[in-house]
Amino acid sequence: QVQLVESGGGLVQPGGSLRLSCVSSISLFSVANLAWYRQAPGKQRELVASITPGGTTDNADSVKGRFTISRDNPKNTMYLQMNSLVPEDTAVYYCNVRISVFKMEYWGQGTQVTVSS
């Protein structure tokens, strides 16, 4: 059974930092497209950042210059480094692993990030 286990969420003050981690049991992790999404109360889930198997990244405009997505293939782990956090970043964050050629897609259970003073 495929598992994505997230960690690193919590309560942080505005201007602070957090690092989210997502460990995967997927054997094809190194060839997967990885992404972080978030969903705030009353809002739709939105794409925050993505990274291709080759390491090309893309960020939503709202987090450019503040968030960094990365991957460690030998550890089957993806990360989201979040700096200069603002209250608008408050949401449940989900990791996503997608292998399009095999039509495989998996989601983490979500981790709460709350930015508040």
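Look up a bit, the structure's there.
Read on for an overview of the structure. A quick note: this is a predicted structure, and the numbers were derived from the prediction, not measured. (Residues numbered from 1 in each chain as written. Predicted model: local features only at pLDDT ≥ 70, side-chain atom pairs only at ≥ 80, totals over all residues. Heavy atoms only, no water.)

**Things to note about the pattern of salt bridges**
Selection criterion: By definition, a salt bridge exists where a carboxyl oxygen of Asp or Glu is found within 4 Å of a side-chain nitrogen of Lys or Arg. Each helix is a run of H or I in the DSSP string that is no shorter than four residues. Each strand is a run of E no shorter than two, and both are numbered from the N terminus. Summary of the burial criterion: residues with accessible area below 20% of their type's maximum are buried, those above 50% are exposed, and those between are partly exposed, where the area comes from a 1.4 Å probe applied to protein chains only.
Applying the stated criterion to the full structure yields 4 salt bridges. A salt bridge links Arg-38 to Asp-89; the shortest N-O distance between them is 2.9 Å. Taken together, the positions of Arg-38 in strand β4 (residues 33-39) and Asp-89 in the loop between β8 (77-82) and β9 (91-99) put the pair 51 residues apart, joining distant regions of the chain. Residue classification places Arg-38 among the buried residues on the basis of a relative accessible area of 6%. What makes Asp-89 buried here is its relative accessible area of 1%. Its salt-bridge partner being Arg-66, residue Asp-89 comes within 2.7 Å of it at the nearest N-O pair. Remark: Arg-66 occurs in the loop between β6 (57-59) and β7 (67-72) and Asp-89 occurs in the loop between β8 and β9; sequence separation between them is 23 residues. According to the relative accessible area criterion, Arg-66 is buried, its value standing at 15%. Each of Arg-38, Glu-46, Arg-66 and Asp-89 takes part in one network of salt bridges that share partners.

**A short note on the sheet that holds strand β1 (residues 4-7)**
Note the threshold: By this definition, two strands are paired if DSSP reports at least two bridges between them. A fitted line through C-alpha atoms serves as each axis, taken over the contacting stretch for helices, and the angle formed by two N-to-C directions is quoted from 0 to 180°.
Judged by pairing direction, the sheet is antiparallel, and its 4 strands sit side by side in the order β1-β3-β8-β7 without closing on themselves. Edge strands, defined here as strands with exactly one partner in the open sheet, are β1 and β7. When the angles between neighbouring strand axes are averaged without regard to direction, this sheet yields 15°. Here strand β3 (residues 18-24) runs beside β8; their pairing, made up of 6 bridges, is antiparallel. Paired with Cys-22 across the strands is Met-78, a residue of β8.

**Some points on the state of the cysteines**
Rule in force here: Any cysteine sulfur atom paired with another within 2.5 Å is treated as part of a disulfide.
Overall, the coordinates contain 1 disulfide when judged by the stated rule. The disulfide that involves Cys-22 links it to Cys-95, with 2.1 Å between the sulfurs. Of note, the bridge from Cys-22 to Cys-95 carries an S-S torsion of about 50° and is right-handed in sense. Here Cys-22 is found in strand β3, whereas its partner Cys-95 is found in strand β9, with 73 residues between them in sequence. The class of Cys-22 is buried, set by a relative accessible area of 1%. Residue class for Cys-95 comes out buried when judged on its relative accessible area of 0%.

**Description of the nonpolar core**
Here is the rule we go by: Think of a nonpolar core as a cluster: buried Ala, Val, Leu, Ile, Met, Phe, Trp, Tyr and Cys residues, connected wherever their side-chain atoms sit within 4.5 Å. Residues are treated as being in contact if the distance between any of their heavy atoms lies within 4.5 Å.
Among the nonpolar cores identified, the biggest contains 29 residues, and Trp-36, Val-48, Phe-67, Met-78, Leu-80, Met-82 and Tyr-93 are the most heavily contacted of them. A total of 5 residues in this core trace back to one element, the largest contributor, which is β9. Setting aside its immediate chain neighbours within four residues, Val-48 contacts Trp-36, Tyr-37, Arg-38, Asp-58, Asn-59, Ala-60, Val-63, Phe-67, Leu-80 and Tyr-93.

In short, geometric facts, not functional conclusions.
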